[in-house]
Amino acid sequence: MPPDFDRLDSELQTARLRWKLANLQHYRYDFARIAAPLRFPDVTVSVKGGKLQGVTFKNPAEANAPAPLNTGPMEALFLEVTRALAYQKAQPCADLRVTYDAKDGHPTTFYSGSGFSPFADGNAEWRVTNFSARP
């Protein structure tokens, strides 16, 4: 059964509106991306004035590994969800799941895959944890 793309589109628009109304320009969050067979290190992302301030590896021993894709301001994650929606609408056996924070709308989990395979596609699966606004 394909995802309810109308519901996913509506949830994305509602989340983006919540995010815009929250007007958070300074924040930090932990980011983990799973893209089998690759393992990207978990990172902490800092944003100041709406722009990427820094990416810090949670495990310093992984500091030489490539950082996960699309780490940055929340707008980068919203864009990834938008692109996945457009892509998945044309797929024969789409699987797309996204959740958002109920208060400010930032994305919290994302999975884009196929019912044909247990593996995610494209940028795979990610989660945002420990989100905190900064003064």
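Please refer to the structure placed before this passage.
Structure report, in brief. Everything numeric here is computed off the predicted structure, so don't read it as measured data.

**Observations concerning the environment of D101**
- Relative to the elements of secondary structure, D101 occurs in the loop between strand 5 (94-100) and strand 6 (107-114).
- Linking D101 and W19, residues 82 residues apart in sequence, is a C-alpha distance of 9.3 Å.
- Dropping the residues within four chain positions of it, D101 is found in contact with R18, H106 and T108.
- Polar side-chain contacts of D101 include one of 3.0 Å to the backbone nitrogen of K103.

**Topic: the packing of aromatic side chains**
- Summed over the entire model, instances satisfying the criterion amount to eight aromatic pairs.
- Seen from their ring centres, Y27 and Y29 are 6.4 Å apart, and the 20° between their planes marks the pair as stacked. Each member of the pair, Y27 as well as Y29, is classed as buried.
- Relative to W126, the ring of F31 lies with its centre 5.8 Å away and its plane at 40°, an arrangement referred to as tilted. Of this pair, F31 sits in strand 1 (residues 27-35) while W126 sits in strand 7 (residues 117-133); the two residues are 95 residues apart in sequence, bridging distant segments of the chain. W126 carries the same exposure label as F31, and that label is buried.

**Describing the pattern of salt bridges**
- Counting across every chain of the model gives five salt bridges.
- One salt bridge connects K89 with D9, and the closest N-O pair in it is separated by 2.8 Å. Highlighted residues: K89 in helix 2 (residues 74-89) and D9 in helix 1 (residues 5-22), separated in sequence by 80 residues.
- On the basis of relative accessible area, K89 is assigned to the partly exposed category, the value being 45%.
- We classify D9 as partly exposed; its relative accessible area is 23%.

Reading the values: rules and limits
Residues numbered from 1 in each chain as written. Predicted model: local features only at pLDDT ≥ 70, side-chain atom pairs only at ≥ 80, totals over all residues. Heavy atoms only, no water. Helix = DSSP H or I, 4+ residues; strand = E, 2+ residues; numbered from the N terminus. Contact = heavy atoms within 4.5 Å. Polar contact = N/O pair within 3.5 Å; in protein donor to acceptor, adjacent residues only side chain to side chain. Phe/Tyr/Trp six-rings, centres within 6.5 Å; stacked < 30°, edge-to-face > 60°. Buried < 20%, exposed > 50% of the residue type's maximum accessible area, 1.4 Å probe, protein only. Salt bridge = Lys/Arg side-chain N within 4 Å of Asp/Glu carboxyl O.

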